[in-house]
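Residue-level structural notes
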Amino acid sequence: MDIKDIKLEDKILKYDNSEINLPEGCVFDGQILKPELLRDAFKFLRQELKFKNINIILPIKNFIIKQAFYPDNMPLSEIKQALSYELDKYFIELKDYSSFNPNLRDDLVYEVKYDANNILMTAAAEHKFMSGILIEAERAGLKVKSIEPENYNYFDLRTPAYKNSELKRRKLNLDKFIALAALILFLGANLFYIFKAYKNILRLENLISIEEAQAPIRAAQLEELKAERTRQAAFKRTLNFIEDQPPVLEVLRLLEMNLIDGIKINSISVKQDIKDKIYKAEINASSSNGKLITKFLENLNASADRDFVNKIYMPRRVRENFIIILELKMI
């Protein structure tokens, strides 16, 4: 999938080695003043240049970039939650508000991530500006894959609602595919047994008729009935065993859905924590790119189904090697 980088400035839209001059007052100082004119520029990219998937890069002046200070052992998901209640500490003194705004979090889109040097950084931008860019680009037929600050391309400041809808759409398509594949596999594997069970039902009906007529039942038929009951009992024991196991299949599906080129999975192990009475899936992996590691962990946290995953965190990272722990619920 070809993705083009598009840089949006106050008066210019840049792409590859070319640029489009935006009309006067179209975009100014982080505000979209004339949305229809910005949409026309995006339409030119889609209709004339045949662009479809784009990354939008904005000047650093449109963002607030700041280092966040939290304990090293604190999971990223908990840091995000804590940060949402401390935005005033990080951002309010840097924004030009005429009075204190108790709903500041509704006005900002923000992310917190580790950079290439493993330093925890936060980025925030105006929600209205980010949302406006997404709306006009999509109305022009473009698919926005990310909105990034210039020189900080590990952040994606698309609005949370937009990213959540993308995850749900991807998950829904994947679930449909898995359900169809499972149905085909089930029918293929069990069609013979379904046909055989149907024949057994007919045979049993004949046996009942014979018994009512006081006809003798052959010993071989009785043995076959006993064997059928034994197979049913074994199947029930298998189901009881499966219900007590960790959701290993779901873990593999989560990794497959979020695996990134450049991330190597070395081993996967599932262990039971007797003390906490939970299962933990330990993912031992490696990558030479710190940004990919951060994005991989972020994607896992964003797309994990909380029906079977309690928490995802990275307890250790040494040079290129790192470990990710998934605390699992039992089926």
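Everything below is about the structure printed above this text.
Residues numbered from 1 in each chain as written. Predicted model: local features only at pLDDT ≥ 70, side-chain atom pairs only at ≥ 80, totals over all residues. Heavy atoms only, no water.

1. Considering helix H1 (residues 35–48)
The end-to-end C-alpha separation of H1 is 20 Å, in line with the 20 Å expected for 14 residues at 1.5 Å each. All buried positions along H1 are accounted for by Leu38, Ala41, Phe42 and Leu45. (Helix = DSSP H or I, 4+ residues; strand = E, 2+ residues; numbered from the N terminus. Expected span 1.5 Å × (residues − 1). Buried < 20%, exposed > 50% of the residue type's maximum accessible area, 1.4 Å probe, protein only.)

2. Topic: the packing of aromatic side chains
Aromatic rings in a pair are described by how distant their centres are and how their planes are angled relative to each other. Counting across every chain of the model gives 3 aromatic pairs. Between the aromatic rings of Tyr15 and Phe51, the centroid separation amounts to 5.8 Å while the plane-to-plane angle is 80°, which identifies the pairing as edge-to-face. Here the residue Tyr15 occupies a position in strand S2 (residues 12–15), and Phe51 occupies one in the loop between H1 and strand S6 (53–58), the gap between them amounting to 36 residues. Relative to Phe155, the ring of Tyr154 lies with its centre 4.6 Å away and its plane at 40°, an arrangement referred to as tilted. Pair check on accessibility: Tyr154 and Phe155 agree, each one buried. Through pairs of rings, three or more aromatic residues link up here, namely Tyr152, Tyr154 and Phe155. (Phe/Tyr/Trp six-rings, centres within 6.5 Å; stacked < 30°, edge-to-face > 60°.)

3. Focus: the sheet that holds strand S8 (residues 108–114)
With respect to topology, 3 strands assemble into an open sheet ordered S7-S9-S8, the strand pairing being antiparallel. The open sheet has two edge strands with one neighbour each: strand S7 (63–67) and S8. This sheet shows a mean twist of 15° between the axes of neighbouring strands, independent of strand direction. Of the strands in this sheet, S7, S8 and strand S9 (120–126) are in contact with helix H5 (residues 127–139), which crosses S9 at around 75°. (Pairing = 2+ DSSP bridges. Axes fitted to C-alpha atoms, helices over the stretch in contact; angles between N-to-C directions. Contact = heavy atoms within 4.5 Å.)

4. Remarks on helix H9 (residues 290–303)
If you check H9, its first and last C-alpha atoms are 20 Å apart, about what 14 residues at 1.5 Å a residue would give, namely 20 Å. Along H9, the positions that sit buried rather than exposed are Gly290, Ile293, Thr294, Phe296, Leu297, Glu298, Leu300, Asn301 and Ser303. The N-cap of H9, judged by a side-chain oxygen 2.9 Å from the amide nitrogen of Lys291 a few residues on, is Asn289. (Polar contact = N/O pair within 3.5 Å; in protein donor to acceptor, adjacent residues only side chain to side chain.)

5. Remarks on the sheet that holds strand S14 (residues 321–328)
Here 4 strands make up an open sheet; going across it, the order is S11-S12-S14-S13 and the pairing antiparallel. Of all the strands in the sheet, the pair left with one neighbour each is strand S11 (264–273) and strand S13 (309–318). Across the sheet, the mean angle from the axis of one strand to that of its neighbour is 20°, orientation sign disregarded. Both S13 and S14 contribute to a ladder of 7 bridges, which runs antiparallel. Opposite Tyr313, over in S14, you have Ile325 as the bridge partner.

6. What about the pattern of salt bridges?
Applying the stated criterion to the full structure yields 11 salt bridges. Where Asp16 meets Lys4, a salt bridge forms, and the shortest distance between an N and an O atom there is 3.6 Å. Of the two residues, Asp16 sits in the loop between S2 and strand S3 (18–21) while Lys4 sits in strand S1 (residues 3–8), which places them 12 residues apart along the sequence. Exposure remark for Asp16: the relative accessible area of 55% places this residue in the exposed category. For Lys4, a relative accessible area of 22% corresponds to the partly exposed category. As a salt-bridge pair, Lys311 and Glu78 come within 3.5 Å of each other at their nearest N and O atoms. In this pair, Lys311 is assigned in strand S13 and Glu78 in helix H2 (residues 76–84), connecting sequence segments 233 residues apart. (Salt bridge = Lys/Arg side-chain N within 4 Å of Asp/Glu carboxyl O.)

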